[in-house]
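The lines below spell out each chain.
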Amino acid sequence: MLLTLSRDGNPEVYRMAVDGSELKRLTFTPAVETSPVWSPDGERIAWFSDEGGEYGLVLAPQDGKGASRRVALKGAGFYGNPRWSPDSKKLSFSDNSMTIFVLDVATGAQTRVASDPLYGPVPVLHHAWSPDSRFIAYTQNTPTYFNRLFLFSVADGKSY
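Given the structure is predicted, the values throughout are model-derived calculations rather than measurements.

S.K.: Would you explain the pattern of salt bridges in this entry?
M.R.: Opposite charge on two side chains allows them to pair when their charged atoms are near. Enumeration over the complete set of coordinates arrives at three salt bridges. A salt bridge links D104 to K90; the nearest nitrogen and oxygen atoms lie 3.0 Å apart. Here D104 is found in strand 10 (residues 99-104), whereas its partner K90 is found in strand 9 (residues 90-94), with 14 residues between them in sequence. R134 is paired through a salt bridge with D132; the nearest N and O atoms lie 3.5 Å apart. On the basis of relative accessible area, D132 is assigned to the partly exposed category, the value being 41%.

Right, here's the structure in full:
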């Protein structure tokens, strides 16, 4: 289980055994860390961090041993909704401009999937991976506030 606990207003990422027998702190920074997610293969944990002044994505070994890797992100900041692909090779997320991106974990390459055309008070841009990691299903608002469902092909870089 992953969680963020705040001490003195500073959230840190912890890994905890389901039975509560082990609690391991994974971050030790003055930064704000949010939205930790475990990769499906169990090897890595990803979270967003504002260490250094700008939000980025941190990829780290799940056991806390070894170096973590920080990836600068191309979006509008205030990232959230991280979702690992089932094969653990890609990670999708959204930003403050209600845009979905896909990150190739090996290369750090980022692809813009889609943006909501209207910035409303409630984000409606939701996404989920297909079981084979080839597609992302997402909802997108129309200018008349009706949601439409799309499929983004990772291989083609196109939405249908």
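S.K.: Quick question: what am I supposed to make of the confidence of the model for the protein chain here?
M.R.: Fine structural detail should not be taken from predicted coordinates in areas where pLDDT scores are low. Scored by pLDDT, the protein chain has a mean of 85; 81% of the residues are at 70 or more. Per-element confidence in the protein chain ranges from a low mean pLDDT of 56 for strand 1 (residues 2-7) to a high of 97 for strand 12 (residues 127-129).

S.K.: I'm lost on the pairing of strand 6 (residues 56-61) in this one. Help?
M.R.: For strand 6, a buried count of five out of six residues is recorded, marking the element as mostly surrounded by other parts of the structure. Here six bridges tie strand 5 (residues 44-49) to strand 6, and the two strands are oriented antiparallel to one another. Paired with S49 across the two strands is G56, which belongs to strand 6. If you look at the hairpin formed by strand 5 and strand 6, you'll find six residues sitting between the two strands, and G52 has a positive phi there, around 90 degrees. Both strand 6 and strand 7 (residues 69-72) contribute to a ladder of four bridges, which runs antiparallel. Across the sheet, L57 pairs through a bridge with V71, a residue of strand 7.

S.K.: It is not clear to me how the sheet that holds strand 9 should be interpreted in this structure. Could you clarify?
M.R.: Strand pairing in a sheet relies on backbone hydrogen bonds. The paired strands run either parallel or antiparallel. The strand order across the open sheet formed by four strands is 8-9-10-11, and the pairing between neighbours is antiparallel. Both outer strands of the open sheet, strand 8 (80-84) and strand 11 (110-115), are each paired with one neighbouring strand and no more. Put simply, the sheet's adjacent strands are angled 20 degrees from each other on average, direction ignored. When strand 10 meets strand 11, the two strands line up antiparallel, connected through five bridges. Directly across from F101, in strand 11, lies its bridge partner R112.

Rules and cut-offs
- Residues numbered from 1 in each chain as written.
- Predicted model: local features only at pLDDT ≥ 70, side-chain atom pairs only at ≥ 80, totals over all residues.
- Heavy atoms only, no water.
- Salt bridge = Lys/Arg side-chain N within 4 Å of Asp/Glu carboxyl O.
- Helix = DSSP H or I, 4+ residues; strand = E, 2+ residues; numbered from the N terminus.
- Buried < 20%, exposed > 50% of the residue type's maximum accessible area, 1.4 Å probe, protein only.
- pLDDT = per-residue confidence, 0-100.
- Pairing = 2+ DSSP bridges.
- Axes fitted to C-alpha atoms, helices over the stretch in contact; angles between N-to-C directions.

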